[in-house]
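Spelled out, the chains give:
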Amino acid sequence: QVQLVESGGGLVQAGGSLRLSCAASGRTFSDYAMGWFRQAPGKEREFVAAISRSGRTTYYADSVKGRFTISRDNAKNTVYLQMNSLKPEDTAVYYCAARTERPSLQRDYDYWGQGTQVTVSS
C-alpha cells in the first residue's frame, strides 16, 4: 500500500502561483511513477501532469503546458506541482496518484490521495 497526502492548495488570484506537494509513504517511492489530476465541479477527473520514476521524463496536458511544472524528490518521497500564471479555469480539486508502471495520461493509477482544493479568482 502507498499512502499519498496532498498539500499546498488554497485561494489565489488569477496570474498567481501555487506549489502543490504530495508526500508518499508505505513503499519505496522511487518504484512509482507519479501523476497529478484535477476535477472541477460537474466535470470528470482529468490528467494534468506525470513524471517517471527517475524524474527524467515528464508529461503535461496541453492546457497547462508552459505554466505548470511537475518534479519529484525521491529522497523526500515527495512529488510537486508548481503552478504559475494560474487561471480561473484551473480551479479544481487536485489529486496526486501513483502507479508501478510507466507514467500514464489516463486514470489507471493504483493509488490516489484525498485531494487539495485550488481556487483561482478572477
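For the structure itself, look to the data block above.
Anyway, here's the lowdown on the structure attached to this text. (Residues numbered from 1 in each chain as written. Predicted model: local features only at pLDDT ≥ 70, side-chain atom pairs only at ≥ 80, totals over all residues. Heavy atoms only, no water.)

**Details of empty space enclosed by the protein**
Part 1 of the reasoning: Throughout the structure, instances matching the rule amount to 1 cavity of 30 Å³ or more.
Part 2 of the reasoning: Its boundaries defined by the atoms lining it, the largest cavity holds a volume of some 40 Å³.
Part 3 of the reasoning: The wall of the largest cavity is formed by Val2, Leu4, Ala24, Ser25, Gly26, Arg27, Phe29, Tyr32, Met34 and Ala98.
Part 4 of the reasoning: Here the residues of the lining of the largest cavity are counted per class, giving 7 nonpolar, 2 polar and 1 charged. (1 Å grid on protein atoms, 1.4 Å probe; cavity = no way out; pocket = protein on both sides within 12 Å on 5 of 7 lines; lining within 4 Å. Points joined across faces, edges and corners; volume = space filled by probe spheres on them. Nonpolar A, V, L, I, M, F, W, Y, C, P; charged D, E, K, R; others polar.)

**Concerning the nonpolar core**
General note: in soluble globular proteins, nonpolar side chains tend to be found buried as a group.
Part 1 of the reasoning: Counting 35 residues, the largest nonpolar core has Leu4, Met34, Trp36, Leu81, Met83 and Tyr94 as its most contacted members.
Part 2 of the reasoning: Of all elements in the fold, only β3 (18-25), β4 (33-39), β5 (46-51), β7 (68-73), β8 (78-83), β9 (92-99) and β11 (116-121) reach the threshold of two or more residues within this core.
Part 3 of the reasoning: Setting aside residues up to four positions removed in sequence, Tyr94 forms contacts with Glu6, Leu20, Trp36, Phe37, Arg38, Val48, Phe68, Leu81, Met83, Gly115, Thr116 and Val118. (Core = buried A, V, L, I, M, F, W, Y, C linked by side-chain atoms within 4.5 Å. Buried < 20%, exposed > 50% of the residue type's maximum accessible area, 1.4 Å probe, protein only. Helix = DSSP H or I, 4+ residues; strand = E, 2+ residues; numbered from the N terminus. Contact = heavy atoms within 4.5 Å.)

**A word on the packing of aromatic side chains**
Part 1 of the reasoning: Tallied over the entire structure, the rule returns 5 aromatic pairs.
Part 2 of the reasoning: When the ring of Phe37 is compared with that of Tyr109, the centres are 5.4 Å apart and the planes differ by 75 degrees; the resulting orientation is edge-to-face. Placement of Phe37 in strand β4 and of Tyr109 in the loop between β9 and β10 (111-112) is noted, with a sequence separation of 72 residues between them.
Part 3 of the reasoning: Taking relative accessible area as the criterion, Tyr109 reaches 7% and is therefore assigned buried. (Phe/Tyr/Trp six-rings, centres within 6.5 Å; stacked < 30°, edge-to-face > 60°.)

**Re the pattern of salt bridges**
Part 1 of the reasoning: Counted by the stated rule, this structure contains 6 salt bridges.
Part 2 of the reasoning: We note a salt bridge from Glu46 to Arg38, for which the minimum N-O separation is 2.6 Å.
Part 3 of the reasoning: The partly exposed category is assigned to Glu46, whose relative accessible area is 35%.
Part 4 of the reasoning: Note on Arg38: relative accessible area 5%, which makes it buried.
Part 5 of the reasoning: Through salt bridges that share partners, Arg38, Glu46, Arg67 and Asp90 make up one connected network. (Salt bridge = Lys/Arg side-chain N within 4 Å of Asp/Glu carboxyl O.)

**Points about the side chain of Thr116**
Part 1 of the reasoning: Note on placement: Thr116 falls in strand β11.
Part 2 of the reasoning: A polar atom in the side chain of Thr116 sits 3.3 Å from the backbone nitrogen of Gly9.
Part 3 of the reasoning: Residues contacting Thr116, with those up to four places away along its chain left out, are Glu6, Ser7, Gly8, Gly9, Leu20, Ala92, Val93 and Tyr94. (Polar contact = N/O pair within 3.5 Å; in protein donor to acceptor, adjacent residues only side chain to side chain.)

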